[in-house]
Amino acid sequence: MQGQNKLIVSEKKRPFFQLLIAAVLFTAAFGFLVYSFFYFGISNYTSKGLIRVFELFFYIIIGAFGFCSSKKVYIDLEHSKFRPVIEVLGFKFGSWTTIHNYEYVSVFYGSHTYEVNLWYNKNKHLELYRNKDLEEVFIFGYNVSQDLNIDLLDATKQESVWVDKEEWQQKMNN
């Protein structure tokens, strides 16, 4: 998170080995494409054969993107705008959304990770962050709820409870 009125919520940087896997997959995909066309010649392919070459190329590229992409959420508190973004190779994909009527921030256990959602307009939500470390996720959720001056809901257990943020801050300080 940064600044007074602007925040950037970001996943941790990808480990080097994942970037290495992405590089190998990108190289393999383009190598496969070049090999397929130059070795066999484009005129030797049937339409089904061409589709299969591009299909395999596409699947390898998608796998490579999975190893080098990251999720960020840009938050402009001054203008109540949020921009969830997927970044791949320096390119950002996502658009700004204006949100009013903040309700609360929730921390819960989702699909194999803990997640932080910002709830607004009674029943709408925006996923802000996810991580396997509950403490890190809770600290993040707490900070967002403080910045937006709204409540924090702990939904990690069977029964959800509203967090007493002053008490929680004192525990963190000790």
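Residues numbered from 1 in each chain as written. Predicted model: local features only at pLDDT ≥ 70, side-chain atom pairs only at ≥ 80, totals over all residues. Heavy atoms only, no water.

## What to know about the nonpolar core
At step 1: The biggest cluster of nonpolar side chains holds 24 residues, and the ones touching the most others in it are Phe82, Val105, Val116, Leu118, Leu128 and Leu152.
At step 2: The greatest single-element share of this core, amounting to six residues, is contributed by helix α3 (residues 134-148).
At step 3: Ala22, Phe37, Val53 and Ala64 belong to the second-largest nonpolar core, a separate cluster that totals 12 residues. (Core = buried A, V, L, I, M, F, W, Y, C linked by side-chain atoms within 4.5 Å. Buried < 20%, exposed > 50% of the residue type's maximum accessible area, 1.4 Å probe, protein only. Helix = DSSP H or I, 4+ residues; strand = E, 2+ residues; numbered from the N terminus.)

## What to know about the sheet that holds strand β7 (residues 114-120)
At step 1: Spatially, β8-β7-β6-β9-β10 is the arrangement adopted by the five strands of the open sheet, whose pairing is mixed. Edge positions in the sheet fall to β8 (124-131) and β10 (161-162), since each of these pairs with one other strand and no more.
At step 2: As paired strands, strand β6 (residues 102-109) and strand β9 (residues 151-155) are joined by five bridges and run parallel to one another. Among the inter-strand pairings, Val107 is bridged to a residue of β9, identified as Asp154. (Pairing = 2+ DSSP bridges.)

## Thoughts on the packing of aromatic side chains
At step 1: Under the criterion given, the structure shown has eight aromatic pairs.
At step 2: Where Tyr104 meets Trp162, the ring centres are 5.1 Å apart and the plane angle is 85 degrees; that geometry is what we call edge-to-face. Note that Tyr104 is positioned in strand β6 and Trp162 in strand β10, a separation of 58 residues in sequence.
At step 3: With a centroid separation of 4.7 Å and 35 degrees between ring planes, the pair formed by Tyr129 and Phe140 is classed as tilted. Of this pair, Tyr129 sits in strand β8 while Phe140 sits in helix α3, and the two are 11 residues apart along the sequence.
At step 4: Residue class for Tyr129 comes out buried when judged on its relative accessible area of 8%.
At step 5: On the accessibility criterion, Phe140 (9% relative accessible area) is buried.
At step 6: Three or more aromatic residues link up through ring pairs in this structure, and these residues are Tyr104, Trp119 and Trp162. (Phe/Tyr/Trp six-rings, centres within 6.5 Å; stacked < 30°, edge-to-face > 60°.)

## A few points about the pattern of salt bridges
At step 1: All chains considered together, the criterion is met by five salt bridges.
At step 2: The shortest N-O distance in the salt bridge between Glu127 and Lys71 comes to 3.1 Å. With a gap of 56 residues between them, Glu127 in strand β8 and Lys71 in strand β2 (residues 69-76) connect regions that are remote in the sequence.
At step 3: Between Arg130 and Glu127 there is a salt bridge, with its nearest N and O atoms 3.0 Å apart.
At step 4: On the accessibility criterion, Arg130 (36% relative accessible area) is partly exposed.
At step 5: Through salt bridges with shared partners, one network takes in Lys71, Glu115, Glu127 and Arg130. (Salt bridge = Lys/Arg side-chain N within 4 Å of Asp/Glu carboxyl O.)

## A few points about the side chain of Ser145
At step 1: By the secondary structure assignment, Ser145 is in helix α3.
At step 2: With near-sequence residues (within four places) excluded, Ser145 lies in contact with Val105, Ile150, Asp151, Leu152 and Lys165. (Contact = heavy atoms within 4.5 Å.)

## Brief notes about the packing of α3 against helix α4 (residues 165-173)
At step 1: Two elements in contact, α3 and α4, have axes separated by 12 Å at closest approach and are oriented at 130 degrees. Relative to α4, the element α3 is oriented oblique. Helix-helix and strand crossings are classified by hand; for α3 and α4 the assignment is left-handed. Where α3 abuts α4, its residues Phe138, Ile139, Tyr142, Ser145 and Gln146 lie against Lys165, Trp168, Gln169 and Met172. (Axes fitted to C-alpha atoms, helices over the stretch in contact; angles between N-to-C directions. Parallel < 35°, antiparallel > 145°, perpendicular 65-115°, else oblique. Left-handed = near helix turned anticlockwise from the far one by under 90°.)

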